[in-house]
Amino acid sequence: MSTPSVLFVCLGNICRSPMAEGAFRAAAAKAGLTVETDSCGTAAYHVGEPPDGRAIATAAKHGVDISDLRGRQLTASDFSRFTHIFAMDHENLSNIQRVAPADASAHVGLLLDLVLGRSGQPVSDPYYGDEAEFQTTWKDVSVAAGALVAKLSR
Ligand code: 4NP
């Protein structure tokens, strides 16, 4: 199989999707699975910015450094560059589908659809929350990252 390439998408690309990228990168490395991965936002609010400090701190608590990531916005070329594109919530998913070119080859889906019993659920958005909400988000993206590594390893 060719190397899977996975793009994680949220609104601002400073909280949920960089955490998902970090969790997936770590889970794949642990499993010895070679992957390419990136994250982006549907909006351009935080282009060029590092992840939110609370997201960086939460990932670091779990041994994952996401401080070098920088925000960017989803583009039409992402649909041929990546094999899989995962939205954190339904609003992200509809915005992704709006940008998708007619010849898009990437599989597009909701991230928690990968997790048994969590299908159709959004990853918790911690942006307006506190530290506990960032922990909940980390849990959500980690369980999905594990499920995705298992799926891609089969
Ligand atoms: P994210 O969180 O989509 O998980 O990165 C947000 C980041 C920024 C904003 C909203 C959500 N914002 O409104 O600027």
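Structural data are supplied above this passage.
The structure contained in this document is the topic of the report that follows. Everything quoted here is computed from the prediction, not taken from an experiment.

Structural notes on the pattern of salt bridges
Here's step 1: Taken as a whole, this structure holds 10 salt bridges when the rule is applied.
Here's step 2: As a salt-bridge pair, Asp125 and Arg16 come within 3.7 Å of each other at their nearest N and O atoms. Separated by 109 residues along the polypeptide, Asp125 in the loop between β4 (107-110) and α5 (131-153) and Arg16 in helix α1 (residues 16-31) bring together distant segments of the chain.
Here's step 3: The partly exposed category is assigned to Asp125, whose relative accessible area is 38%.
Here's step 4: Of the charged contacts in the structure, one is a salt bridge between Lys61 and Glu131, with a shortest N-O distance of 2.6 Å. With Lys61 in helix α2 (residues 53-61) and Glu131 in helix α5, this residue pair connects regions lying 70 residues apart in the sequence.
Here's step 5: Assessed through its relative accessible area of 51%, Lys61 is described here as exposed.
Here's step 6: Overlapping salt bridges, with partners in common, bring together Asp38, Arg72, Asp78 and Arg81 in one network.

Some thoughts on the nonpolar core
Here's step 1: In terms of nonpolar packing, the biggest core is built from 32 residues, with Phe8, Phe24, Leu111, Val141 and Leu148 touching the most fellow members.
Here's step 2: At the level of elements, β1 (5-10), α1, α2 and α5 are the ones that each hand at least two residues to this core.
Here's step 3: With eight residues, the top contributor of residues to this core is α5.
Here's step 4: Phe8 has contacts with Ser17, Ala20, Glu21, Phe24, Thr37, Asp38, Ser39, Cys40, Phe86, Met88, Leu111 and Leu148, leaving out every residue within four places of it along the chain.
Here's step 5: Judged by nonpolar contacts, the second largest core, of 12 residues, contains Cys40, Ala87, Ile96 and Leu110.

Rules of the game
- Residues numbered from 1 in each chain as written.
- Predicted model: local features only at pLDDT ≥ 70, side-chain atom pairs only at ≥ 80, totals over all residues.
- Heavy atoms only, no water.
- Salt bridge = Lys/Arg side-chain N within 4 Å of Asp/Glu carboxyl O.
- Helix = DSSP H or I, 4+ residues; strand = E, 2+ residues; numbered from the N terminus.
- Buried < 20%, exposed > 50% of the residue type's maximum accessible area, 1.4 Å probe, protein only.
- Core = buried A, V, L, I, M, F, W, Y, C linked by side-chain atoms within 4.5 Å.
- Contact = heavy atoms within 4.5 Å.

As far as function goes, none of this settles anything; it's purely spatial.
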